[in-house]
Amino acid sequence: MELGLYTFVPSAVDPATGGMLDADRRMAELLEQAQLAEQVGLDVFGVGEHHRPDFVVSTPAVVLAAIAAKTSRIRLTSTVTVLSSDDPVRVFQEFATLDLISGGRAEITAGRGSFIESFPLFGYNLDDYDDLFSEKLQLLLAIRDNDRVTWRGKFRAPLHEQAIWPRPLQQSLPVWIAVGGTPQSVVRAAALGLPLAIAIIGGQWAQFGPFVKIYRDTLVRTGRAADALPLSINSHGIIGETSSAALEAYWPQYATMMGRIGRERGWPPPTRAKFDAECTLPGALFVGDPEQVAEKILAQHQLFGHSRFLLQMSLGPGSHDAVMRSIELFGTKVAPIVRRELASQHAPVGAAS
């Protein structure tokens with residue numbers, strides 16, 4: 001299983017002044033976090049896209065290119081690229097360029113977006129929410145799979161035998177589909193033969209078992225093996241030396257961010273009791289000591305059989321030092337437990353322990 005991190009780079013509070021940290025400092029912290037993730041042996045680092053004042057990154061490919069220049073091994077992915085409000089030609093060009101800079105480590109994770117600010121910003125109508133994504137995804141895949149593209153759609157000027165450059169270093173630039181709980185999106189990913197990333201950020205993770213079954217059943221119906229494509233589980237959390245340390249580090253940023261989003265969407269405010277429940281083994285949050293987090297990853301693997309797990313540690317105005325320590329614990333404590341256990345499960349019968 002690949003293990004990694006992802007972030008939307010939320011704005012944060014300067015502990016010295018109580019004011020908001022400058023965006024350039026948040027970017028510097030992000031680069032430190034990505035470098036540490038590689039140093040401690042993690043496999044993937046993802047950066048997402050928002051167009052809001054409470055998040056710093058709106059152009060993941062640019063940020064990932066900066067990370068590529070400071071790393072050599074870790075895979076670099078968007079988490080997510082809001083394809084519905086972007087241009088597939090530019091998305092492909094940006095990530096093909098990232099692939100060349102990184103030596104073949106780039107991936108695109110495409111999604112429809114959990115916020116709506118990018119739609120009016122780039123002149124799109126929310127009534128076309130799903131049609132935009134479907135059409136643009138088809139074009140992105142056509143560009144990926146063909147040096148020259150002839151295409152016509154509703155939302156973009158047509159292409160006629162148009163060459164799209166540059167081409168990536170990888171023979172086929174990986175394109176994942178990110179979903180948050182829509183069965184139709186799961187079916188679409190499988191029908192198109194694309195890897196699936198499921199975001200589980202609330203409730204009980206076992207409730208997402210049916211989505212994995214739908215994905216694999218659709219793969220089989222479309223002539224593929226049920227395990228033919230990678231599956232990622234993406235969740236929120238932080239790792240501490242002790243469970244109580246992790247809970248106290250994560251609760252303030254969880255309460256701030258989820259409270260703000262909840263007010264926008266009419267949700268009830270987060271409570272400490274609900275948060276604590278989400279941090280238990282059946283809950284969606286990966287907040288605890290290394291052994292607890294490893295136990296939850298392995299428990300999920302028993303149900304999902306996924307090939308990648310990504311953890312978002314920077315949810316809100318948390319401490320950079322706490323995130324750095326959490327990354328260190330993820331790579332040096334959690335990852336060895338998970339890898340050792342999964343290796344033993346797949347060892348040949350009679351193999352030496």
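Residues numbered from 1 in each chain as written. Predicted model: local features only at pLDDT ≥ 70, side-chain atom pairs only at ≥ 80, totals over all residues. Heavy atoms only, no water.

Trainee: Looking at this structure, I do not really get the pairing of strand β10 (residues 231-239). What am I missing?
Mentor: Each regular strand carries side chains that alternate between the two faces of the sheet. A large share of β10 lies buried, amounting to nine of its nine residues. Covered by surrounding structure in β10 are L231, I233, S235, G237 and I239 together with S232, N234, H236 and I238, the residues of both alternating faces. Pairing of strand β9 (residues 196-199) with β10, which is carried by four bridges, proceeds in the parallel orientation. In the strand pairing of β10, L196 is matched with L231. As defined by bridge partners, β10 adjoins strand β12 (residues 308-312) across five bridges and the pair is classed as parallel. If you follow S235 over to β12, its bridge partner there is L311. For β10 and strand β11 (residues 286-288), the ladder comprises three bridges, and the chain directions are parallel. Bridged to G237 within β11 is F286. (Buried < 20%, exposed > 50% of the residue type's maximum accessible area, 1.4 Å probe, protein only. Helix = DSSP H or I, 4+ residues; strand = E, 2+ residues; numbered from the N terminus. Pairing = 2+ DSSP bridges.)

Trainee: Quick question: what am I supposed to make of helix α2 (residues 60-70) here?
Mentor: Residues separated by three or four positions in an α-helix point in the same direction, a consequence of the helix having 3.6 residues per turn. Turning to α2, its buried residues number three or more, namely P60, A61, V63, L64, A65, I67 and A68. On the buried face of α2, the contacting elements are α1 (23-39), β2 (44-47), β3 (75-78) and α3 (88-102). (Contact = heavy atoms within 4.5 Å.)

Trainee: Explain the packing of aromatic side chains here, please?
Mentor: Geometrically, a pair of aromatic rings is defined through the distance of the ring centres and the angle of the planes. Considering all chains together, one arrives at 11 aromatic pairs under this definition. Between the aromatic rings of W251 and Y254, the centroid separation amounts to 6.3 Å while the plane-to-plane angle is 35°, which identifies the pairing as tilted. Of this pair, W251 and Y254 both sit in helix α8 (residues 243-265), three residues apart, roughly one helical turn. There is no split in this pair, since W251 and Y254 are both buried. (Phe/Tyr/Trp six-rings, centres within 6.5 Å; stacked < 30°, edge-to-face > 60°.)

Trainee: Help me understand the side chain of Q93 in this model?
Mentor: In this fold, Q93 is placed in helix α3. Residue class for Q93 comes out buried when judged on its relative accessible area of 19%. When sequence neighbours within four positions are dropped, the list of residues in contact with Q93 reads I164, W165 and P166.

Trainee: Got a minute to help me understand the layout of surface pockets in this structure?
Mentor: Empty pockets left among the atoms are what a rolling probe the size of a water molecule brings to light. Its boundaries defined by the atoms lining it, the largest pocket holds a volume of some 1100 Å³. S114, G180, A199, I201 and R265 are the residues nearest the centre of the largest pocket, which is lined by 46 residues in total. Mapped onto the lining of the largest pocket, the elements with two or more residues apiece are β5 (106-111), α5 (129-145), β8 (175-179), α6 (183-191), β9, β10, α8 and α9 (272-278). Top contributing element to the lining of the largest pocket by residue count: α8, with five residues. Here the lining of the largest pocket is built from residues that sort into 26 nonpolar, 14 polar and six charged. S58, T59, P60, D86 and E94 are the residues nearest the centre of the second largest pocket, which is lined by 20 residues in total. In terms of residues, the lining of the second largest pocket owes the most to one element, α3, which gives six residues. Of the residues in the lining of the second largest pocket, the class split is 10 nonpolar, six polar and four charged. (1 Å grid on protein atoms, 1.4 Å probe; cavity = no way out; pocket = protein on both sides within 12 Å on 5 of 7 lines; lining within 4 Å. Points joined across faces, edges and corners; volume = space filled by probe spheres on them. Nonpolar A, V, L, I, M, F, W, Y, C, P; charged D, E, K, R; others polar.)

Trainee: Even after reading the chapter, I still don't get helix α10 (residues 290-304), so can you show me in this structure?
Mentor: Look at α10: 21 Å from first C-alpha to last across 15 residues, which is about the 21 Å you get at 1.5 Å a residue. Here α10 has its buried residues at P290, V293, A294, K296, I297, L298, Q300, H301 and F304. On its buried side, α10 packs onto α7 (209-221), β10, α9, β11, β12 and α11 (320-345). Two or three places before E291, at the start of α10, stands the capping residue D289, its side-chain oxygen 3.1 Å from that residue's backbone nitrogen. Immediately beyond the C-terminal end of α10, within one or two residues, lies G305, with a positive phi of roughly 60°. (Expected span 1.5 Å × (residues − 1). Polar contact = N/O pair within 3.5 Å; in protein donor to acceptor, adjacent residues only side chain to side chain.)

Trainee: Is there a simple way to explain unusual backbone geometry in this structure?
Mentor: Phi is mostly negative for residues that are not glycine, and the peptide bonds are mostly trans. In the segment running from T79 into V80, the intervening peptide bond is cis, with an omega of 15°. With omega at 0°, the peptide bond leading from W165 into P166 counts as cis. The residue P166 is located in the loop between β7 (159-163) and β8 in this model. The backbone of E161 shows a phi angle near 50°, a positive value even though the residue is not glycine. With respect to the element layout, E161 can be found in strand β7.

Trainee: Hey, could you run me through the pattern of salt bridges in this one?
Mentor: Any two side chains of opposite charge can pair, given that their charged atoms come close. Tallied over the entire structure, the rule returns 22 salt bridges. Between R339 and D43 there is a salt bridge; the shortest N-O distance is 3.0 Å. One end of the pair, R339, is in helix α11; the other, D43, is in the loop between α1 and β2, with 296 residues separating them in the sequence. Note on R339: relative accessible area 31%, which makes it partly exposed. Looking at D43, the relative accessible area reads 19%, which means it is buried. Put simply, D147 and R167 hold a salt bridge, and the shortest N to O gap is 3.4 Å. You can see D147 sitting in the loop between α5 and β6 (148-151) and its partner R167 sitting in the loop between β7 and β8, a full 20 residues away along the chain. A cluster of three or more residues bridged by salt bridges with shared partners is formed by R52, D54, E117, R260 and E264. (Salt bridge = Lys/Arg side-chain N within 4 Å of Asp/Glu carboxyl O.)

Everything listed here is a matter of geometry and, on its own, says nothing about what the molecule does.
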